[in-house]
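Given next are the chains, with one letter for each unit.
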Amino acid sequence: MYRYDKTDQQIINERVTQYRDQISRHLAGELTTDELRPLRLQNGLYIQRHGPMLRIAIPYGMLAAAQLRKLAEISRRYDRAVGHFTTRQNMQLNWPQFEETPAILAELASVQMHAVQTSGNCVRNITSDHFAGIAPDELTDPRPYCELLRQWSTFHPEFAFLPRKFKIAVNAAAVDRAVIRAHDIGLDLVLDDDGEIGFRVFVGGGLGRTPILGKVVREFLPRRHLLSYLDAILRLYNRYGRRDNMYKARIKILVQALGIEEFSRQVEAEWSQLKDGPTTVPDAEFARLAGHFNPPAWETLPAEDPLHAARIRTDRAFAHWVRRCVHAHKTPGYAAVTLSLKAPGVAPGDISDAQMRAVADLAERFSFGEVRVSHEQNLVLADVRQRDLHELWQIARSHRLTTANIGLLTDMICCPGGDLCALANARSTPIAEAVHQKFDDLDYLHDIGDISLNISGCMNSCGHHHVANIGILGVDKNDEEWYQITIGGQQGNAAAIGKVIGPSFYAQEVPSVIEALIAVYLENRTDSERFIDTLQRIGIDPFKARAYAGRDRRRTAKVDSREKEVVNA
Amino acid sequence: MPRIIKNRQIVEDDWQVLALAAGETPDTVPLPAAPVLLPLSVWQARRDEIIARAAPLGVWLDSHEGPEALAGDIDRFTVIGVNFPKFTDGRSYSSARLLRERYGYGGEIRALGDVLQDQLFYMQRCGIDAYALRADKDMEKALAGLSVFSEAYQAAVDQPQPLFQRRPVQEPT
Ligand code: HEM
Ligand code: SF4
């Protein structure tokens, strides 16, 4: 993991001092509410339905056990002993006291953490693959590049007040697990014909009310030019992105307006002036950063542990869990484990302080003291010996962290929705819970197999519903909660935006509509097909027909009938 | 006399800023006596007349205007203003950097408009060296805004080498 040196630590400490001073100037009446807003947002502090919400950065999802323990302690001391992991690999605390936020940031700084630029119209937390460094299908470890970008984006003087938020994701694997095309910039690590390492650069992706997948702006960018090239893109965006209409301010709208060829031409023109300047990254810096992500001391082990294989045969519950929650590791005898934060009765992505401590203990005992957050809102222990899996499972089970549903219907991505979020049109967590209730038979879930179901409480799409096989979106009709359903979206290399199946549904209808969609799949699938494959083969119509069969749809939904104040976001 | 922050100090300053009022046009607006920061449109409409005045020259760029418009004339100006209509409008950070780094401008760059303490550090990094702080704010206190951080990661005008080119070799903490 990246460890701060004195300079990194000093910068973060100075940030705490700056923020403390801003809050006290605000309380003294010297900084108005409007003047404070962008400043506090760039320190992760929102004002939400019930009061403040603090979003803590977890750079590219990497956490040390000691940091997770600190989060547990903070959540107990300053909040309601629960945290929420987001699709951007961050953690949100929903009940902090405004006056205590400087103290929380100081606590975070003591373990090399912060809330820098987790909101606001600036470059946000860099996200990446939760299997970085251990995935068998990986070209190289993306984390040194993520850290380079973290440092470059931290307090970038030119790009602190962009037209809108700016999200960057990095992938280095054959299968994209970081949804890079749903980001303002997506970076795909690739080799050119000479074996030089660099990036395929995507630009202009984003979800929200205008979902668009990123387009290739450059097929190959040698890695040493990464920062000057991003400076060129950001400068264009900063100067020419729209500022007159917040809904049209993301870079995707600029890219769309210019067309990707013209956008690319303008980037190249700007870049030609910056290229080979002082921000050219020398190999020595890549080596220094890579040194922070050296592999842990993996033992030499047989590829298959006989004891592990025997336990799979004899313990059915364990075998179920292994099938869904244990993943391949590039080193023989090791595996990665996903700890599901999608148990029934718990809001997706929520974790209690006791669970945080338990995971920290597990990480120290079984996985070299490190934990990762996945954008699907689960936790990953990346370096577990096969032979330890059974013991790890038993302990994790006692903390309700072993729901064997990773990649299944109930592994839902879900935003906090109307329970907590001031922008929501509808609640989202009760829908997630209703899905759990309806699909409570694990055998049935395993039979349905790989599928994604994501839920957002409004058009802002924090729950990634656009890129789900089944997406659920809260809409507001005459002050009632309704839900619009999309199907056919997916993440990964074949990323796609789902299509709306028709008028929206009442909350009570949603589980049975999902059941109808699943039924069409089960009736039509071939042996090897996943939900998405069948859908692509037979088309959307049979699903549509079944979803509305016997339903009266005379009242039609109007999406976003109430324009929401999104200045806060 | 009005005061501004310049080179990290509070100084008296007699430059005026001309802004076109409703109904005024660049071609006909009366030019105040120097020293004055003129809108770009006035400079463009009456370049020769302004040069002939032989006084220290000043111009200001609004946030949607770029330094490209001044390219051939950069060295004529004693002061170039960059406007921040709202402090959340970040375009003038790019303008300032371009003036320094692309057009080699060595004179004063002055932040105008919604100029507040908490943006001064970034402005300074982008090459702005004078700040017409918003009138209702305390200038003495605002000076602290220039010294919030003792180090920075990126290359910028105040420090052309990024931290990775300068980082002392040391053990992680
Ligand atoms: C509760 C407080 C939250 C607020 C007020 C909020 C607000 C917003 C807003 C306004 C947008 C749309 C931005 C745009 O289209 O320009 C957005 C997008 C997004 N948010 Fe949130 N959000 C919140 C929580 C979350 C959570 C909990 C997650 C993760 C589960 C999340 C992840 C995202 C993602 C992934 C996007 C889509 C980004 C894109 O459009 O490319 N947010 N959020
Ligand atoms: S999708 Fe809407 S309701 Fe859900 S967290 Fe985002 S802004 Fe709030």
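Here the residue index of a chain counts from 1 through its sequence in written order. Whichever chain is written first is A, and whichever ligand is written first is 1; the rest continue in order. Only residues with pLDDT of 70 or above have their local features reported here, since the model is predicted, and side-chain atom pairs are shown and tallied only from 80 upward, although totals for entire chains, interfaces and linings are computed over all residues. Excluding hydrogens and water, the side-chain values take into account all heavy atoms of the structure.

A run of H or I in DSSP counts as a helix once it spans at least four residues, and a run of E counts as a strand once it spans at least two, with each numbered from the N terminus. In terms of regular secondary structure, chain B is built from six helices and eight strands. For chain B, the sequential pattern of α-helices and β-strands runs β-β-β-β-α-α-β-β-α-β-α-β-α-α. Taken over C-alpha atoms, the radius of gyration comes to 17 Å for chain B, in line with the 16 Å a tight globule of 173 residues would show. Each residue's exposure class comes from its accessible area (1.4 Å probe, protein chains only) as a fraction of the maximum for that residue type: buried when under 20%, exposed when over 50%, partly exposed otherwise. Taking all 173 residues of chain B together, the buried fraction comes to 51%. Working rule for contacts: check all heavy atoms of both residues, and any pair within 4.5 Å makes them a contact. Relative to all contacts within chain B whose residues are 6 or more apart in sequence, the contacts with residues 24 or more apart total 45%. A total of about 7,500 Å² of accessible surface is found on chain B, and carbon and sulfur atoms cover 50% of it. A radius of gyration in this sense is built from C-alpha atoms; the matching globule rule multiplies 2.2 Å by the number of residues raised to 0.38. Here, Shrake-Rupley sampling with a 1.4 Å probe gives the accessible areas, and only protein chains in the shown set may cover a residue.

To continue, consider the interface of chain A and chain B. Across the contact, 52 residues belong to chain A and 45 residues belong to chain B. Summing both sides of the interface, chain A and chain B together bury roughly 4,000 Å²; the carbon and sulfur share of this comes to 52%. Sorting the residues of chain A by area buried against chain B places P157(A), F161(A) and R239(A) first, and these three jointly supply 19% of that buried surface. Every case where a carboxyl oxygen of Asp or Glu lies within 4 Å of a side-chain nitrogen of Lys or Arg is listed as a salt bridge. Applying the counting criterion to the chain A and chain B interface returns ten salt bridges. One salt bridge in this structure joins R134(B) and E35(A), with 2.6 Å as the shortest N-O distance. Polar contact is defined as a pair of N or O atoms within 3.5 Å, subject to the rule that within protein one atom must be able to donate a hydrogen and the other to accept it, and that residues adjacent in sequence are counted only when both atoms are side-chain atoms. Counting the contacts that link chain A with chain B gives 23 residue pairs in polar contact (both at pLDDT 80 or more). Broken down by secondary-structure element, the contributors of at least two residues to the side of chain A that touches chain B are α1 (6-27), α2 (33-41), α5 (143-153), α6 (226-240), α8 (260-274) and α9 (283-291) of chain A. When residues of the side of chain A that touches chain B are assigned to their parent elements, the largest contribution, eleven residues, is made by α1(A). Polar here means any residue other than Ala, Val, Leu, Ile, Met, Phe, Trp, Tyr, Cys and Pro, which are nonpolar, and Asp, Glu, Lys and Arg, which are charged; Gly is therefore polar. Looking at the side of chain A that touches chain B residue by residue, the classes come out as 19 nonpolar, 14 polar and 19 charged. Two parts lose some accessible area (1.4 Å probe) when they are put together, and adding that loss for both gives the buried area.

What follows is about the UniProt feature "domain: Nitrite/sulphite reductase 4Fe-4S" (unreviewed entry) in chain A. Residues and elements named next belong to chain A. UniProt positions are given in the numbering used here, feature names are shortened, and annotations may be inferred rather than shown by experiment. When the UniProt feature table is mapped onto this chain, "domain: Nitrite/sulphite reductase 4Fe-4S" (unreviewed entry) is found at residues 119-273 and 412-545. Structurally, residues 119-273 is divided into 31% helix and 18% strand, and its ends, taken at the C-alpha atoms, are 30 Å apart. Secondary structure over residues 412-545 splits into 34% helix and 19% strand, and the C-alpha atoms at its two ends are 24 Å apart.

Only one protein atom coordinates the iron atom of ligand 1: C462(A) (SG), located 2.1 Å from the metal. Within the fold, C462(A) resides in the loop between β17 (453-456) and β18 (470-477). Metal sites are built from N, O and S donor atoms within 2.8 Å, or 3.2 Å for Na, K and Ca, and they leave out water, so they may look incomplete.

What follows concerns the packing of α1(A) against α2(A). Residue and element names in this part refer to chain A. Between N-to-C directions, angles cover 0 to 180 degrees, with each direction set by a line fitted to C-alpha atoms, over the stretch in contact for helices. One way to put it is that α1 packs onto α2 with a least axis distance of 10 Å and a crossing angle of 160°. Compared by their axis directions, α1 and α2 come out roughly antiparallel. Our pair here, α1 against α2, has a crossing hand that is left-handed. Contacts between α1 and α2 involve Y19, Q22, I23 and H26 from the first element and T33, L36, L39 and R40 from the second. When the residues that make up the contact of α1 with α2 are grouped by side-chain class, the tally is four nonpolar, three polar and one charged. Note that the term roughly parallel is reserved for angles under 35 degrees, roughly antiparallel for angles over 145, roughly perpendicular for angles of 65 to 115, and oblique for everything else. In this scheme, a crossing is called left-handed if the near helix is turned counterclockwise away from the far one by less than a right angle; it is called right-handed if the turn is clockwise.

Before going further, it helps to spend a moment on the layout of surface pockets. All names here are of chain A. Put plainly, a pocket is an open set of points on a 1 Å grid over the protein atoms alone with protein on both sides within 12 Å along at least five of seven lines, a cavity is a set where a 1.4 Å probe fits but cannot get out, and a lining residue has an atom within 4 Å of a point. Grid points are joined across faces, edges and corners, and a volume is the space filled by probe spheres set on the points. Its boundaries defined by the atoms lining it, the largest pocket holds a volume of some 860 Å³. Elements with a minimum of two residues in the lining of the largest pocket: α11 (316-325) and β17. Looking at the lining of the largest pocket residue by residue, the classes come out as twelve nonpolar, 13 polar and eight charged.

For the rest of this paragraph, the subject is the site of ligand 2. All residues adjacent to ligand 2 are C415(A), P416(A), G417(A), C421(A), L423(A), A424(A), S456(A), G457(A), C458(A), N460(A), S461(A) and C462(A). When the residues that make up the shell around ligand 2 are grouped by side-chain class, the tally is seven nonpolar, five polar and no charged. Put simply, a residue is near a molecule or strand once any heavy atom of it comes within 4 Å of that molecule or strand.

A few words now on the side chain of Q18(A). Along the polypeptide, Q18(A) turns up in helix α1. With relative accessibility at 11%, the residue Q18(A) sits in the buried group.

Now for the sheet that holds strand β7 (residues 168-171) of chain A. In a beta sheet, neighbouring strands are held together by backbone hydrogen bonds and run either parallel or antiparallel to one another. Residue and element names in this part refer to chain A. Any two strands are treated as partners once DSSP identifies two or more bridges connecting them. Across the sheet, five strands lie side by side as β6-β7-β8-β9-β10; this open sheet has mixed pairing. In this open sheet, the two strands that pair with only one neighbour each are β6 (127-128) and β10 (215-222). Bridge analysis of β6 against β7 gives two bridges, and the strand direction is parallel. Within the sheet, the bridge partner assigned to T127 lies in β7 and is A169. Together, β7, β8 (185-191), β9 (197-203) and β10 form the strand contacts of α6, whose direction differs from that of β10 by roughly 150°.

Residues and elements named next belong to chain A. Mapping I395 onto the fold places it in helix α13 (residues 389-398). Once the C-alpha coordinates of I395 and A358 are considered, the two residues, 37 residues apart in sequence, prove to be 8.6 Å apart. Not counting chain neighbours up to four residues away, the residues in contact with I395 comprise L362, R365 and F366.

Looking now at the domain arrangement of chain A. Accessible area lost upon the coming together of the parts is a frequently used measure of interface size. All names here are of chain A. When its domains are assigned, chain A resolves into domain 1 (6-109), domain 2 (134-290), domain 3 (306-398) and domain 4 (413-555). Residue ranges for the domains originate in an automatic or database domain assignment. Each of domain 1 and domain 4 has a C-alpha centre, and these two points are 33 Å apart. The interface of domain 1 with domain 4 comprises eight residues on the first partner and twelve residues on the second. Regarding the contact of domain 1 and domain 4, the summed buried area is about 760 Å², with carbon and sulfur atoms giving 51% of it.

All names here are of chain A. As a matter of local geometry, ligand 1 sits amid 25 residues, with T87, K165, K167, R250 and C462 nearest to it. A distance of 3.1 Å is found between an oxygen atom of ligand 1 and a backbone nitrogen or oxygen belonging to L207. Interatomic distance of 2.8 Å between a side-chain N/O atom of R250 and an oxygen atom of ligand 1. Among the secondary structure elements, those contributing two or more residues to the shell around ligand 1 are β1 (45-48) and β2 (51-56).

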